[in-house]
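Descriptive structure summary
Residues per chain are reported as follows:
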Amino acid sequence: MRSPSGGAVESSTPWSAPRTARKPDVRLAVDELRDLARRGELANAVASATPEVRAWLSGAAYTIVWPIVFARVTRPMERRRGHWVCANSVEQLADDCLDRHHDDVESVVFDLLTNAKVPIVDVERWSSARLTAATVDGHRRRRGQRGALQRPRIPAWLAAELGGDQWLIELAVQILTWVGVPTTAGTQVWPLDSWALRREVATGDLTGSDSPTLSVEIERVLAAMRRRPQWYADYVERPLGHKYAPVLAVAADGAGPRPLVVIGSHERDEAQLTDLAAAAVELISQRLRCGADPADAVVEVLGVVFGSGTDSERMDRTPGSVPAPEERLSVVLADDRALRRIVDEVLRIVADGGK
């Protein structure tokens, strides 16, 4: 009995790989994996196989699970990030997004080859049911390899150093989470823009949640963490030092970065409005819980969230061709009947939990 690479397979292996000399047919590998899974022998077979055969089965598992991971994990995630081109196909994933996709696929492959110890009739369905657990476990393993906390939690001493301030405690969790992520925030150390929106939701402070304020608060949290120098070195400095340095992508011909594939402006508008609406609902809910007048809360939040854009998202359009959101909003809010309908609808959405 010989392995796909031509080497002998240990006689204790309870199955045989195809007798191919160098490059085994992927279909044969996938068929063998499915057969082992149906018999409930896949995990044990992989554990006892030679490195060559284990790699052969890993390739078969990759072939099976990568479309599932892209459809169920990668594409929804890229859409939430606003990466609409990346969400089209694996071939169009940007470098960092492709790395995340490969990491998730690797996690699902590891889970399948490690935990498939019972008869599995449908490998795709079995893997789909375990996507969340597999990718979360893989994420934690990679964080541990980089020296970061696998499950970022705030110790009691740090919460006390931060005076029990809930936003600063949440910011500390974000810092501990971020240091374990391999990517960077462009040329910045911390993702200030993302955390600014999170601060708005957490504190209800629409005007003070900016980069300068965040920078001060980050330094305050880091100063509190440094009260335990060894803890800080282990869980902040060391994993932070493992981040990839940002590199500007340049085309092979030296002509500079290639342009992104163009998508419809309506898709970008819809994605942006969806994100803004979710933030508005959360802020209005906070205001109402604090006893604010419903109409005042709706008008104030809608004006800030939808009426304070920079117009950068409309730079690709002819000036004056499409009214700006703040222009449409001001017209609607000036109409009493329209305003009442908006307030009633927003309150219904808030009552339904944002649905």
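The numbers attached to residues start from 1 for each chain and follow its sequence in the written order. Reporting in this predicted model follows two pLDDT cut-offs: at least 70 for local features of residues, and 80 or more for side-chain atom pairs to be given and counted; totals over whole chains, interfaces and linings ignore these cut-offs and use all residues. Side-chain measures were taken over the full set of non-hydrogen atoms in the model, leaving aside hydrogen atoms and water.

Points about the overall build of the chain
When its secondary structure is counted, the chain shows 15 helices and zero strands. Note on areas: these come from Shrake-Rupley sampling with a 1.4 Å probe, and a residue is covered only by the protein chains present in the view. Counting only carbon and sulfur atoms, one obtains 54% of the accessible surface of the chain, whose full area is about 20300 Å². Secondary structure elements follow DSSP: runs of H or I of four or more residues count as helices, runs of E of two or more count as strands, with numbering from the N terminus.

Concerning the confidence of the model for the chain
One number per residue, pLDDT, summarises how confident the predictor is, and it ranges from 0 to 100. Of all residues in the chain, 72% have pLDDT values of 70 or greater, and the mean over the chain is 76. Per-element averaging of pLDDT across the chain places helix 14 (residues 325-333) at the bottom with 58 and helix 7 (residues 156-161) at the top with 93. Note on contacts: a residue pair qualifies if any of its non-hydrogen atoms lie within 4.5 Å across the two residues. In this model, residues 309-323 is a region of pLDDT below 50 whose contacts with residues beyond four sequence positions or in other chains number 12 contacts.

Quick word on the pattern of salt bridges
Within this document, salt bridges are pairs made up of a side-chain nitrogen of Lys or Arg and a carboxyl oxygen of Asp or Glu, the two lying within 4 Å of each other. A full pass over the atoms with the stated rule returns 13 salt bridges. Put simply, Glu 300 and Arg 287 hold a salt bridge, and the shortest N to O gap is 3.0 Å. Placement of Glu 300 in helix 13 (residues 294-306) and of Arg 287 in helix 12 (residues 265-289) is noted, with a sequence separation of 13 residues between them. Among the charged side chains, a network of salt bridges with common partners joins Asp 35, Arg 38, Arg 39 and Glu 41.

A look at helix 8 (residues 166-178)
An α-helical segment advances 3.6 residues per turn. Residues three or four places apart therefore align on the same side. Take the residue count of a helix, subtract one, and multiply by 1.5 Å to get its expected span. Given a rise of 1.5 Å per residue, 13 residues ought to cover 18 Å, and the 18 Å separating the end C-alpha atoms of helix 8 matches this to within 8%. Any residue under 20% of the maximum accessible area for its type is buried, any over 50% is exposed, and the rest in between are partly exposed; the area is computed with a 1.4 Å probe on protein chains only. Here helix 8 has its buried residues at Trp 167, Leu 168, Ile 169, Leu 171, Ala 172, Gln 174, Ile 175, Leu 176 and Trp 178.

A few points about the packing of helix 8 against helix 9 (residues 192-203)
Orientation of helix 8 relative to helix 9, taken along the N-to-C sense of each, is 150°, at an axis distance of 11 Å. One finds that helix 8 runs roughly antiparallel with respect to helix 9. In this structure, helix 8 crosses over helix 9, and the sense of that crossing is right-handed. Listed contacts from helix 9 to Trp 167, Glu 170, Leu 171, Gln 174, Ile 175 and Trp 178 of helix 8 are Trp 195, Arg 198, Arg 199, Ala 202 and Thr 203. Ten residues, namely Ala, Val, Leu, Ile, Met, Phe, Trp, Tyr, Cys and Pro, are considered nonpolar, four, namely Asp, Glu, Lys and Arg, are considered charged, and the remaining ones, Gly among them, are considered polar. Among the residues making up the contact of helix 8 with helix 9, the classes are represented as six nonpolar, two polar and three charged. Lines are fitted to the C-alpha atoms to define the axes, a helix being fitted only along its stretch in contact, and any angle between axes, read from their N-to-C directions, falls within 0 to 180 degrees. Should an angle lie under 35 degrees it is considered roughly parallel, over 145 roughly antiparallel, and from 65 to 115 roughly perpendicular; all remaining angles are considered oblique. It is the rotation of the near helix from the far one that decides the hand of a crossing: anticlockwise by less than a right angle makes it left-handed, clockwise makes it right-handed.

Some words on the nonpolar core
In these notes, a set of buried Ala, Val, Leu, Ile, Met, Phe, Trp, Tyr and Cys residues joined through side-chain atoms within 4.5 Å is what counts as a nonpolar core. Residues Leu 33, Leu 42, Val 65, Leu 112, Leu 113 and Val 123 are the most contacted members of the largest nonpolar core, which totals 30 residues. Looking at which element gives the most residues to this core, the answer is helix 3 (residues 51-81), with 10 residues. If near-sequence neighbours (up to four positions away) are discounted, Leu 112 is found in contact with Leu 33, Leu 42, Ala 61, Val 65, Val 123, Trp 126 and Ser 127. One finds Trp 167, Leu 192, Leu 214 and Ala 224 within the second-largest nonpolar core, a separate group that totals 26 residues.

Some thoughts on the packing of helix 9 against helix 10 (residues 211-225)
At their nearest, the axes of helix 9 and helix 10 sit 10 Å apart, and the two run at 90° to each other. Our classification of the angle between helix 9 and helix 10 gives roughly perpendicular. Taken together, the residues of helix 10 that come into contact with helix 9 (itself represented by Leu 192, Asp 193, Trp 195, Ala 196 and Arg 199) are Ser 211, Thr 213, Leu 214, Ser 215, Glu 217 and Ile 218.

Regarding the packing of aromatic side chains
Note on aromatic pairs: the rings of Phe, Tyr and Trp (six-membered ring only in Trp) are paired at centre separations within 6.5 Å, and the planes decide the class, stacked below 30 degrees, edge-to-face beyond 60, tilted for the rest. Per the counting criterion, the structure on display carries three aromatic pairs. Aromatic pair Trp 157 and Trp 231: ring centres 5.2 Å apart, planes at 90°, arrangement edge-to-face. Of the two residues, Trp 157 is situated in helix 7 and Trp 231 in helix 11 (residues 229-240); the sequence distance between them amounts to 74 residues. Exposure remark for Trp 231: the relative accessible area of 15% places this residue in the buried category. Ring plane angle 65° and centroid distance 5.7 Å describe the contact between Trp 231 and Tyr 235, whose orientation is recorded as edge-to-face. Of this pair, Trp 231 and Tyr 235 both sit in helix 11, four residues apart, which is roughly one turn of the helix.

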